Amino acid sequence: HITYCDRCVRTGYRVYEGDVVRARGALTKALLGLRDIHELLLTLELEGVGASQLDAIGIINPGVVNFCSMNLPSLGLRDADLAERLGAHYGIPVYMDNSANAAAMGCYLRQPGCHTLTLYRHQLGHKNGGQGTVIDGRLVTGHTSMAGEPKFYQRMFCYEGGYASAVWSVRGLSQITRNVLLATIGTVSPDVACVAVRALDGLDDIRCDLQRSLPRYCVPELVRVDDYRDLMYLGEAALCLGRLA
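Residues numbered from 1 in each chain as written. Predicted model: local features only at pLDDT ≥ 70, side-chain atom pairs only at ≥ 80, totals over all residues. Heavy atoms only, no water.

## A look at the packing of aromatic side chains
Geometrically, a pair of aromatic rings is defined through the distance of the ring centres and the angle of the planes. What counts, and what does not: Only the six-membered ring of Trp is used, alongside the rings of Phe and Tyr, when aromatic pairs are assigned; centres must lie within 6.5 Å, and planes under 30 degrees apart are stacked while those over 60 apart are edge-to-face, with the rest tilted. Counting as a charge over the ring demands two things of the Lys NZ or Arg CZ atom: a distance within 6 Å of the ring centre and an angle within 35 degrees of the ring normal.
Within this structure, the stated rule accounts for 1 aromatic pair. Its guanidinium or amino end placed over the ring of Tyr 228, Arg 121 lies 4.0 Å from that ring's centre, counting from NZ or CZ.

Here it is in structure tokens:
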């Protein structure tokens with residue numbers, strides 16, 4: 001999992017055998033290159049998990065992933081098919097997914113009996129949030145994987161002080177989350193909406209806002225997500241296994 005932090009790039013990893021985590025760790029560097037990914041896999045060999053023992057590699061990135069192509073400036077790649085290059089090098093399938101999509105799949109697996117689930121993720125001070133939707137066990141990607149991507153419309157709503165100020169306040173994040181969920185409910189009408197916004201104390205205000213804007217029977221069950229990272233890794237492992245089947 002690639003995370004772009006202030007002046008550094010953090011790469012976290014986990015190795016799953018079934019639903020058991022065999023290895024985990026993280027690397028933090030000022031920049032991340034292809035050589036660093038190769039070194040990470042060599043590090044796994046020291047933990048007893050060589051690339052030859054892996055069935056597949058899943059890479060999670062916060063950006064939009066369009067058929068395994070993504071903009072990875074830290075790797076010196078733009079719209080490069082990184083999955084194909086790594087897959088050819090190691091001789092195993094390599095898949096790439098958006099982080100919110102992977103987390104949405106992880107949430108779906110934790111919600112038995114759920115038909116349609118959406119997850120919205122936003123961190124205090126981050127200019128964009130992320131969202132993923134799963135319907136009957138299938139991740140919704142749409143044309144060029146743009147389905148449900150909120151960053152291209154969430155700024156169109158009006159906020160006191162403007163959108164740039166709203167992302168720095170709890171009230172602003174609550175309003176942004178409500179607006180994204182309203183747009184999502186009007187599009188896919190999920191029965192469960194997961195909210196991964198740690199700055200919020202609870203979801204009561206968002207629930208009340210949705211009930212004022214929608215018929216009560218249209219408001220989905222709201223679930224607060226505090227273990228986003230765990231769900232993201234779980235979801236990516238499930239997505240990889242589904243593609244191998």
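Now that the structure has been shown, the text picks up again.
## Here we look at the side chain of Arg 14
To be explicit about the condition: For the purposes of this entry, the term helix denotes a DSSP run of H or I that reaches at least four residues, the term strand denotes a run of E that reaches at least two, and both are numbered from the N terminus. Polar contact is the term for a pair of N or O atoms within 3.5 Å; when the atoms are in protein, one must be able to donate a hydrogen and the other to accept it, and sequence-neighboring residues count only if both atoms are side-chain atoms.
Along the polypeptide, Arg 14 turns up in strand β2 (residues 8-17). Polar contacts involving the side chain of Arg 14 include one to the side chain of Asp 230, which spans 2.7 Å.

## Side note on the sheet that holds strand β1 (residues 2-5)
Condition: The pairing criterion is simple: DSSP has to find at least two bridges between the two strands. Whenever a helix is involved, its axis is fitted only over the stretch in contact; in every case the axis is a line through C-alpha atoms, and angles between N-to-C directions fall within 0 to 180 degrees. When checking whether two residues touch, look at their non-hydrogen atoms; a contact exists if any pair is within 4.5 Å.
Taken together, the 3 strands give an open sheet; going across it, the order is β1-β2-β3, and neighbouring strands pair in antiparallel fashion. On the outer flanks of this sheet lie β1 and β3 (20-29), each paired with one strand and no other. Strand-to-strand twist of the sheet, defined as the mean angle between neighbouring strand axes without regard to direction, takes the value 15 degrees. Strand direction decides the pairing type here: β2 and β3, joined by 9 bridges, are antiparallel. Of the residues in β3, the one forming a bridge with Arg 14 is Arg 24. Along the sheet, helix α7 (residues 228-244) makes contact with β1 and β2, crossing β2 at roughly 55 degrees.

## With respect to the pairing of β2
Selection criterion: Each residue is assigned to one of three classes by its accessible area relative to the maximum for its type, calculated with a 1.4 Å probe on protein chains only: buried under 20%, partly exposed between the two thresholds, exposed over 50%.
Counting buried residues in β2 gives 7 out of 10 residues, a clear majority hidden from the surface. Inspection of the sheet shows β1 paired to β2 by 4 bridges, in the antiparallel sense. Note on β2: the bridge partner recorded for Ile 2 is Thr 11. Here β1 folds back onto β2 in antiparallel fashion, the turn holding 2 residues, of which Arg 7 has a positive phi close to 65 degrees. Connecting β2 to the next strand, β3, in antiparallel fashion are 2 residues, including Gly 18 with a positive phi near 70 degrees.

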